[in-house]
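Structure at a glance
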There are 2 protein chains.
Amino acid sequence: MAMRLYELAGADPARRFSPYCWRIRYALAAKGLDFEGVPWRFTEKDVIAGHGSDKVPVLIDGDRVVADSWAIAEYLEDAFPDRPSLFGPDPGRALARFVNAFADAVVIPGIARLVVADIDAVIDEKDRAYFRASREKRFGMTLEAAQADREVRVEAFRQALHPLRMVLRAQPFLSGATAMHADSIVMGCFQWARCVSPFRLLASDDPVEAWRQRMLDLHGGMARQVPAFD
Amino acid sequence: MAMRLYELAGADPARRFSPYCWRIRYALAAKGLDFEGVPWRFTEKDVIAGHGSDKVPVLIDGDRVVADSWAIAEYLEDAFPDRPSLFGPDPGRALARFVNAFADAVVIPGIARLVVADIDAVIDEKDRAYFRASREKRFGMTLEAAQADREVRVEAFRQALHPLRMVLRAQPFLSGATAMHADSIVMGCFQWARCVSPFRLLASDDPVEAWRQRMLDLHGGMARQVPAFD
C-alpha cells in the first residue's frame, strides 16, 4: 500500500501550502516513492491526534507513523537506503540540519511577516477563526498589521537571505552540482509562499530567484503543477 | 619545506586573531600538516602584494600561492587527499560553503559590532591609524560608538545564532559526531573574539558555548595555547 502523507490544504483541497509538507513532497519525489497526499486542515486536530501529532506533515507507512518534517526525511533516508540518497554520506545529513535550522529560524519567519494575511484568503472557511486567532496571538498584532509595509520590509528579508545568495553565486544548488534535501528544505519555504500569495519575495536578478526556478523545474516540474500564484 | 601561512598578528606577534586565519589553523591541524605561521600586520600590504593578495590568510606551499580562507581550505583538501578530509564526500563541501557564508554574513559582522574597539587595543602601534580610519569608514561611526551598548545588543547577536543553537542541541558538532571544517569555520569567528576581547559573547548555558569549549579542546587544545582573554 502506498504511503499516506497528511498535508495542510486550503479551501481548494489541491492547494497544499505548508513549507514543511513541501520538504517531504520533494523528498518522496527524490526517493521515487509513491504516496497518497491526504488534505488536512488546521482545525482537524482530531484526525491526526491518534498519530501522536497535532501538526502536519505526518507520514503513515504501513504500521509506522512519523511526524515532523526532519524526522520524516531521516526516516525515508534510513528506510529506503537503496533509493537515491537525500543527504549523501556524512557529514551531509549533519550539515543539512543546519540548513534546516536556518530555514526554520530565518526564512520561514521572514516570509510569514510578508504573506500571512494572504494565507487567510486561501484557507478553508472552517480554519479561518483558528488561524487568525492563533497567528494574531503569535505576532501580537492583526494579520493585516503583520503584513503591512511589506514592500519596504521585503528588503530586510532579502538581506537575511544573503548566506544563501553567497552560496548560489558559487554553485547551482546548496548541495552542489545537484539538488539534494538541503535544497528541498529551503525550497519548501518558497513554495509555501507561492501557494498562498502573489507577493514577489525575490528580485528577478537575485541568484536565489534563479535557483528557485531550477527547483521548480525538478521532478518534471512537480512544484509548478499545483494551484499557486507565480 | 614546511608551508608558510601569513597570519594577522597584534602588537604581540603571538596574538594571531583573524577569524579567517583561524579557519586555516584548524584545517592545517586537522590535516596534520606542519606550517610556519608568519605574523603580518594590516599595514604590511607590500609584503603580500607580490602574492597577489592584499589580505591574509595567504598560504605558500612551495611554488603554489593561495589566498582567501575558502580557497585555501579547498586547496588543502585537494592537494592532500590522503590526509583526513576537511569536508567529507559530496555534498559535504557544498554544504560547508553555506556554513561559511553564514559565518561571513552573520557571525563576523555580529561579533565585529561587539568587540571592534577592543581590537584597537591589541593591534600593533603602526596599524592603529589604518585600522581606526578604515573601520570607522565602514561602520560610519567611531569604533567606540560601534561597540557602545554591547551589553544590550549582544542579545540580538545571540538571537542571530539561533540556527547554530538548534543544530547543537541535536548533535555535538555542526558536522555531526565529529568536528570537520564547517565547525572550524564558525569557531574561527569565536577564536577571533577571544583573542581580542574579554567581552562575553555567549551565555554559559548556551549549547553554542558548550560546543565552543569542545572546539577549544580539539587538536590538543591548540586554540587555548595562544594569547587570549578567556
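Residues numbered from 1 in each chain as written. Chains lettered and ligands numbered in written order. Predicted model: local features only at pLDDT ≥ 70, side-chain atom pairs only at ≥ 80, totals over all residues. Heavy atoms only, no water.

Chain A has the name Glutathione S-transferase family protein in an unreviewed UniProt entry, where Falsiroseomonas algicola is given as its organism.

What follows concerns the relation of the copies chain A and chain B. Laying chain A over chain B is done by rotating through 180 degrees and shifting 0.0 Å along the axis; what remains is an RMSD of 0.0 Å. The transformation just described matches what one would write down for a two-fold rotation axis. Closest to the rotation axis within chain A is the C-alpha of G92 of chain A, separated from it by 2.6 Å. When the interface residues of chain A are mapped onto chain B, 100% of them are again interface residues, pointing to one common binding face. (Least-squares fit on C-alpha atoms with pLDDT ≥ 70 in both. Contact = heavy atoms within 4.5 Å.)

Summarising the sheet, strand 3 (residues 58–61) of chain A and strand 4 (residues 64–67) of chain A pair through four bridges and their orientation is antiparallel. Directly across from V58 of chain A, in strand 4 of chain A, lies its bridge partner A67 of chain A. (Pairing = 2+ DSSP bridges. Helix = DSSP H or I, 4+ residues; strand = E, 2+ residues; numbered from the N terminus.)

This part is about the packing of aromatic side chains. Residue and element names in this part refer to chain A. Tallied over the entire structure, the rule returns 16 aromatic pairs over all chains. Between F190 and W211 the ring centres are 6.1 Å apart and the planes differ by 75 degrees, which places this aromatic pair in the edge-to-face class. Highlighted residues: F190 in helix 9 (residues 181–196) and W211 in helix 10 (residues 207–221), separated in sequence by 21 residues. Given the relative accessible area of 0%, W211 is considered buried. Joined through ring pairs, the aromatic side chains of F17, F42, Y130 and F131 make up one cluster. The lysine or arginine in question, R25, covers the ring of W22, its NZ or CZ lying 5.3 Å from the ring centre. (Phe/Tyr/Trp six-rings, centres within 6.5 Å; stacked < 30°, edge-to-face > 60°. Buried < 20%, exposed > 50% of the residue type's maximum accessible area, 1.4 Å probe, protein only. Lys NZ or Arg CZ within 6 Å of the ring centre and 35° of its normal.)

With that settled, consider the interface of chain A and chain B. The interface of chain A with chain B comprises 29 residues on the first partner and 29 residues on the second. Around 2,200 Å² of area is buried between chain A and chain B when both sides are counted, 82% of it from carbon and sulfur atoms. Looking at the side of chain A facing chain B, the largest losses of area belong to P91, L95 and F98 of chain A, adding up to 30% of the total buried there. At the surface where chain A touches chain B, the tally comes to zero salt bridges. Summed over the shared surface of chain A and chain B, the number is four residue pairs in polar contact (both at pLDDT 80 or more). In terms of residue count, the dominant contributor to the side of chain A that touches chain B is helix 4 (residues 92–122) of chain A (twelve residues). (Buried area = accessible area lost by both parts, 1.4 Å probe. Salt bridge = Lys/Arg side-chain N within 4 Å of Asp/Glu carboxyl O. Polar contact = N/O pair within 3.5 Å; in protein donor to acceptor, adjacent residues only side chain to side chain.)

Residues and elements named next belong to chain B. One open sheet holds the four strands; their spatial order is 2-1-3-4, and the pairing between them is mixed. The open sheet is flanked by strand 2 (35–40) and strand 4 (64–67), the only strands paired with a single partner. Pairwise comparison of adjacent strand axes, ignoring direction, gives a mean angle of 20 degrees for this sheet. Pairing of strand 1 (residues 3–8) with strand 3 (residues 58–61), which is carried by three bridges, proceeds in the antiparallel orientation. Directly across from Y6, in strand 3, lies its bridge partner V58. Contacts between helix 1 (residues 19–31) and the sheet are confined to strand 1 and strand 2, with strand 1 contributing the most and set at about 150 degrees to the helix. Relative to the sheet, helix 3 (residues 69–79) contacts strand 1, strand 3 and strand 4, its axis offset from that of strand 4 by approximately 135 degrees. (Axes fitted to C-alpha atoms, helices over the stretch in contact; angles between N-to-C directions.)

Further remarks concern the environment of V152 of chain B. In this fold, V152 of chain B is placed in helix 7 (residues 150–160). Sequence separation between V152 of chain B and R212 of chain B is 60 residues, and the spatial gap between their C-alpha atoms is 22 Å.

Residue and element names in this part refer to chain A. In this fold, M3 is placed in strand 1 (residues 3–8). Its relative accessible area of 4% is what places M3 among the buried residues. Sequence-distant contacts of M3, defined by excluding residues within four places in its chain, comprise L28, L33, D34, F35, E36, L59, I60, D61, L76 and F80.

Among the secondary structure elements, E125 of chain A is positioned in the loop between helix 4 and helix 5 (128–139). C-alpha separation for the pair E125 of chain A and G10 of chain A, spaced 115 residues apart in sequence, amounts to 8.8 Å.

A separate point is the packing of helix 1 of chain B against helix 9 (residues 181–196) of chain B. Residues and elements named next belong to chain B. At a minimum axis distance of 7 Å, the contact between helix 1 and helix 9 shows a crossing angle of 130 degrees. Classified by the angle between their axes, helix 1 and helix 9 sit oblique to one another. Helix 9 is crossed by helix 1, and the crossing has right-handed handedness. Taken together, the residues of helix 9 that come into contact with helix 1 (itself represented by P19, W22, R23, Y26 and A27) are H181, S184, I185, M187, G188, C189, Q191, W192 and C195. Of the residues contributing to the contact of helix 1 with helix 9, the split by class is nine nonpolar, four polar and one charged. (Parallel < 35°, antiparallel > 145°, perpendicular 65-115°, else oblique. Left-handed = near helix turned anticlockwise from the far one by under 90°. Nonpolar A, V, L, I, M, F, W, Y, C, P; charged D, E, K, R; others polar.)

Once that is clear, we can look at the domain arrangement of chain A. Note on interface size: it is often stated as the accessible area lost on association of the parts. All names here are of chain A. Under the domain assignment, chain A is made up of domain 1 (3–79) and domain 2 (92–224). Averaged C-alpha coordinates put domain 1 and domain 2 at centres separated by 19 Å. With 25 residues of domain 1 at the interface, the matching set in domain 2 holds 32 residues. Summing the contributions of domain 1 and of domain 2, the shared interface buries around 2,600 Å²; its carbon and sulfur component is 62%. One salt bridge connects R93 with E74, and the closest N-O pair in it is separated by 3.3 Å. Here domain 1 and domain 2 share twelve residue pairs in polar contact (both at pLDDT 80 or more) between them. At the level of elements, helix 1 (19–31) and helix 3 (69–79) are the ones that each hand at least two residues to the side of domain 1 that touches domain 2. The dominant element in the side of domain 1 that touches domain 2, judged by the number of residues it contributes, is helix 1, at nine residues. (Domains from an automatic or database assignment.)

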